[in-house]
Amino acid sequence: MTQLLPEADRKTLLPPLAETGWAAVPGRDAIRKIWKFRSFSEAWGFMSRAALVAEKLNHHPEWSNVYNVVDVTLTTHDCQGLSRLDLDLAKAMDRFAPGAEIQRDHGEPVSCLCEIHARKA
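Since the structure is predicted, the reported quantities are computational estimates derived from the model, not experimental observations.

**Here's the deal with unusual backbone geometry**
Even without being a glycine, Asn 58 presents a positive backbone phi close to 55°. Tracing the sequence through the fold places Asn 58 in the loop between α2 (40–57) and β3 (62–66). Overall, the relative accessible area of 61% leaves Asn 58 in the exposed class. Phi angles above zero are rare outside glycine, and Gln 80 is one such case at about 60°.

**A closer look at the packing of α2 against helix α3 (residues 84–96)**
One way to put it is that α2 packs onto α3 with a least axis distance of 10 Å and a crossing angle of 150°. With respect to their mutual orientation, α2 and α3 come out roughly antiparallel. Both α2 and α3 take part in a crossing whose hand is right-handed. Between α2 and α3, the contacting residues are Phe 46, Arg 49, Ala 50, Val 53, Ala 54 and Leu 57 on the first element and Leu 85, Asp 88, Leu 89, Ala 92, Met 93 and Phe 96 on the second. Considered class by class, the residues forming the contact of α2 with α3 number 10 nonpolar, no polar and 2 charged.

**Topic: the environment of Ala 18**
Within the secondary structure layout, Ala 18 lies in helix α1 (residues 7–19). Judged by relative accessible area, Ala 18 falls into the partly exposed class, the value being 40%. In sequence terms Ala 18 and Arg 32 are 14 residues apart; their C-alpha atoms lie 9.7 Å from each other.

**Looking at the nonpolar core**
If you look at the biggest cluster of nonpolar residues, it comprises 22 residues, and the most contacted ones within it are Trp 22, Trp 35, Phe 37, Phe 46 and Met 93. Among the secondary structure elements, those contributing two or more residues to this core are α1, β2 (31–36), α2, β4 (69–74) and α3. In terms of residues, this core owes the most to one element, α2, which gives 5 residues.

**A closer look at the confidence of the model for the chain**
Overall, the prediction assigns the chain a mean pLDDT of 91, with 94% of residues at 70 or greater. Put simply, helix α4 (residues 113–120) is where the chain has its lowest mean pLDDT, 66, and α2 is where it has its highest, 97.

**Quick word on the packing of aromatic side chains**
Applying the stated criterion to the full structure yields 5 aromatic pairs. Pairing Trp 22 with Trp 35 gives two aromatic rings, centres 5.5 Å apart and planes at 85°, and the pair type is edge-to-face. With a gap of 13 residues between them, Trp 22 in the loop between α1 and β1 (23–24) and Trp 35 in strand β2 connect regions that are remote in the sequence. With respect to burial, Trp 22 and Trp 35 carry one shared label: buried.

Rules used throughout
- Residues numbered from 1 in each chain as written.
- Predicted model: local features only at pLDDT ≥ 70, side-chain atom pairs only at ≥ 80, totals over all residues.
- Heavy atoms only, no water.
- Helix = DSSP H or I, 4+ residues; strand = E, 2+ residues; numbered from the N terminus.
- Buried < 20%, exposed > 50% of the residue type's maximum accessible area, 1.4 Å probe, protein only.
- Axes fitted to C-alpha atoms, helices over the stretch in contact; angles between N-to-C directions.
- Parallel < 35°, antiparallel > 145°, perpendicular 65-115°, else oblique.
- Left-handed = near helix turned anticlockwise from the far one by under 90°.
- Contact = heavy atoms within 4.5 Å.
- Nonpolar A, V, L, I, M, F, W, Y, C, P; charged D, E, K, R; others polar.
- Core = buried A, V, L, I, M, F, W, Y, C linked by side-chain atoms within 4.5 Å.
- pLDDT = per-residue confidence, 0-100.
- Phe/Tyr/Trp six-rings, centres within 6.5 Å; stacked < 30°, edge-to-face > 60°.

Structure follows, in structure tokens:
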């Protein structure tokens, strides 16, 4: 069974992820990040690359995609909290999306490009 991330590792390994936009999920031992890509194709490409890594790790994200937005939550269900697998997958995902916009305020509504275009019409 996968082990929870030890407190010492949390203190050293989570702050660098926070700098890239990963944030704690209130009420859960999980981290979340929201990417906004320039197009649906870029978002889908990111998800495809992330899915290949997730499959290799045998660790899969909770995620949703609406047009150009990908919203990801990572936690390890085996141990009911954060594990090293979550950090490894988070770092891989960050490598796949260096140019994407990051929505750092998770309390704000997430608007995809199709909603923005519809409001302008």
